[in-house]
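Here is what each chain is made of, one letter per residue.
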Amino acid sequence: TGGEVLLKVEGLESSYGRIKALKGISIEVRRGETVALVGANGAGKTTFLRSLSGVQPMSGRITFDGEDISKLRADMRMRRGICQSPEGRQVFGPLSIEDNLRLGAYTQPKAQVEGDLEKIYAMFPILKEKRKLPAGTLSGGQQQMLAIGRALMGRPKLLLLDEPSMGLAPLLVEEVFNVVKALKAQGMSIILAEQNAFSALAIADRGYVLETGSVTLTGTGRELIEDEQVRAAYLGM
Ligand code: ATP
């Protein structure tokens, strides 16, 4: 942590028709940081991540790796290293696991793809074992690993994880958070949006609490876990 600023978001707004879902969000991510984005269902976490990756119309300023990318399309943002594992995984069920992974590399030079596949397979042996099978045959937890693997195939400088623990049994939730920890240990910069606030804050360097489209609180993961309001509202304490 303590590193240079990788991502700076200033006054980001986004609307669905006349409904303003994000009302001026400002956050920062430093190189190598894991930043948690917590908040209730509907607070705007997904809209924020989609605004960052460029698949959701937005206004405001996004500076990434020293460049203003606010006006760039999603594929150009991906080429610069913003790669997302979307809410609900969104793997392509009829396609093989390996083809799903290859899709994550569509912006990348062909020459590196085979080597990168092997790295993903080393990280997730189950995906290698099943690589020829349709992705739809995987369990929920395995599909989540595939969604993360697919994002990694884009060689992210910043990895966006949207609710990776959603809908998973407790043991698998733990497995997913272990994957996030491992990526963090490798130096990856990560934004982790989670309703599972405790687990997210426990591994995050810093966090932001989102409420109805605004940041209401920020601090280190530990500060937020110990905050009375956070404990009452999100940690069920
Ligand atoms: P969740 O974890 O359920 O995705 P969230 O914190 O990610 O919650 P968003 O999905 O970003 O929240 O939703 C933010 C606000 O935007 C909510 O009020 C939601 O109802 C609204 N919203 C989200 N998607 C749409 C849409 N496609 N059309 C209209 N309103 C939407």
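Residues numbered from 1 in each chain as written. Predicted model: local features only at pLDDT ≥ 70, side-chain atom pairs only at ≥ 80, totals over all residues. Heavy atoms only, no water.

- As recorded in an unreviewed UniProt entry, the chain goes by the name ABC transporter domain-containing protein, listed as coming from Zoogloea ramigera.

1. So, unusual backbone geometry
For step 1, the next point in the chain: Of note in this structure, Asp-65 is not a glycine but carries a positive phi near 55 degrees.
For step 2, the next point in the chain: Among the structural elements, Asp-65 can be located in the loop between strand S4 (59-64) and strand S5 (67-68).
For step 3, the next point in the chain: Judged by relative accessible area, Asp-65 falls into the partly exposed class, the value being 30%.
For step 4, the next point in the chain: Of note, the phi angle at Glu-163 is positive, near 50 degrees, even though the residue is not glycine. (Helix = DSSP H or I, 4+ residues; strand = E, 2+ residues; numbered from the N terminus. Buried < 20%, exposed > 50% of the residue type's maximum accessible area, 1.4 Å probe, protein only.)

2. Focus on the sheet that holds strand S9 (residues 206-211)
For step 1, the next point in the chain: One open sheet holds the 6 strands; their spatial order is S6-S7-S8-S3-S9-S10, and the pairing between them is mixed. Only two strands of the sheet have a single partner each, and these edge strands are strand S6 (82-85) and strand S10 (214-220). Between one strand axis and the next, the sheet turns by 20 degrees as a mean value, whatever way the strands run.
For step 2, the next point in the chain: Most of the contacts of helix H1 (residues 45-53) go to strand S7 (residues 158-162), to which it runs at about 150 degrees, and overall it touches strand S3 (34-38), S6, S7, strand S8 (189-194) and S9. (Pairing = 2+ DSSP bridges. Axes fitted to C-alpha atoms, helices over the stretch in contact; angles between N-to-C directions. Contact = heavy atoms within 4.5 Å.)

3. Considering the site of the ligand
For step 1, the next point in the chain: Residues in close proximity to the ligand total 13 residues, the closest being Asn-41, Gly-42, Gly-44, Thr-46 and Thr-47.
For step 2, the next point in the chain: A distance of 3.1 Å separates an oxygen atom of the ligand from a polar atom in the backbone of Ala-43.
For step 3, the next point in the chain: Taking Lys-45, its main chain carries an N or O atom lying 2.9 Å from an oxygen atom of the ligand.
For step 4, the next point in the chain: Within the complex, 62% of the 620 Å² of free accessible area of the ligand lies under protein.
For step 5, the next point in the chain: With 3 residues, the top contributor of residues to the shell around the ligand is H1.
For step 6, the next point in the chain: Residue classes in the shell around the ligand are distributed as 4 nonpolar, 6 polar and 3 charged. (Near = heavy atom within 4 Å. Polar contact = N/O pair within 3.5 Å; in protein donor to acceptor, adjacent residues only side chain to side chain. Areas by Shrake-Rupley, 256 points an atom, 1.4 Å probe, with all protein chains shown as cover. Nonpolar A, V, L, I, M, F, W, Y, C, P; charged D, E, K, R; others polar.)

4. Structural notes on the pattern of salt bridges
For step 1, the next point in the chain: Applying the stated criterion across every chain, the model contains 18 salt bridges.
For step 2, the next point in the chain: A salt bridge links Glu-67 to Arg-80; the shortest N-O distance between them is 2.7 Å. One end of the pair, Glu-67, is in strand S5; the other, Arg-80, is in the loop between helix H2 (74-79) and S6, with 13 residues separating them in the sequence.
For step 3, the next point in the chain: Asp-75 serves as the salt-bridge partner of Arg-73, at 2.9 Å between the closest nitrogen and oxygen.
For step 4, the next point in the chain: Note on Arg-73: relative accessible area 56%, which makes it exposed. (Salt bridge = Lys/Arg side-chain N within 4 Å of Asp/Glu carboxyl O.)

5. Here we look at a nonpolar patch on the surface
For step 1, the next point in the chain: Where nonpolar side chains cluster on the molecular surface, the patch consists of Phe-92, Leu-95 and Leu-103 and spans about 240 Å² of accessible area.
For step 2, the next point in the chain: The residue Leu-103 is located in helix H3 (residues 97-103) in this model.
For step 3, the next point in the chain: Look at Leu-103 and you get partly exposed, because its relative accessible area is 35%. (Patch = residues over 30% accessible without salt bridge, like charges linked within 9 Å, V, L, I, M, F, W, Y side chains within 5 Å.)

6. Things to note about the packing of helix H6 (residues 140-152) against helix H7 (residues 170-185)
For step 1, the next point in the chain: Running from N to C, H6 and H7 point in directions that differ by 20 degrees, and their axes come no closer than 10 Å. Considered as vectors, H6 and H7 are oriented roughly parallel to each other. Of the two possible hands of crossing, H6 and H7 adopt the one that is right-handed. Each of Gly-141, Gln-144, Met-145, Ile-148 and Leu-152 in H6 lies in contact with H7, whose residues at this interface are Leu-172, Glu-175, Val-176, Val-179 and Leu-183. (Parallel < 35°, antiparallel > 145°, perpendicular 65-115°, else oblique. Left-handed = near helix turned anticlockwise from the far one by under 90°.)

7. Some points on the side chain of Ser-85
For step 1, the next point in the chain: Within the secondary structure layout, Ser-85 lies in strand S6.
For step 2, the next point in the chain: Residues in contact with Ser-85, not counting those within four places in the same chain, are Gln-144, Ala-147, Ile-148, Ala-151, Leu-160, Leu-161 and Asp-162.

8. Digging into H6
It helps to recall that an α-helix has 3.6 residues per turn; residues three or four apart then point in one direction.
For step 1, the next point in the chain: Taking 1.5 Å per residue, 13 residues should reach 18 Å; H6 reaches 18 Å between its end C-alpha atoms and fits that length.
For step 2, the next point in the chain: In terms of burial, H6 is largely enclosed, as 12 of its 13 residues are buried.
For step 3, the next point in the chain: Summarising the contacts, the buried residues of H6 are in contact with S6, H3, helix H4 (113-123), helix H5 (125-129), S7 and H7. (Expected span 1.5 Å × (residues − 1).)

9. Thoughts on the pairing of S3
For step 1, the next point in the chain: Summarising burial for S3: 5 of the 5 residues are buried, a large majority.
For step 2, the next point in the chain: Taking every second residue as pointing to the same face, both faces of S3 are buried, with Thr-34, Ala-36 and Val-38 on one and Val-35 and Leu-37 on the other.
For step 3, the next point in the chain: Taken together, the 5 bridges between S3 and S8 define a ladder with parallel strand orientation. Across the sheet, residue Val-35 finds its bridge partner in S8, namely Ile-191.

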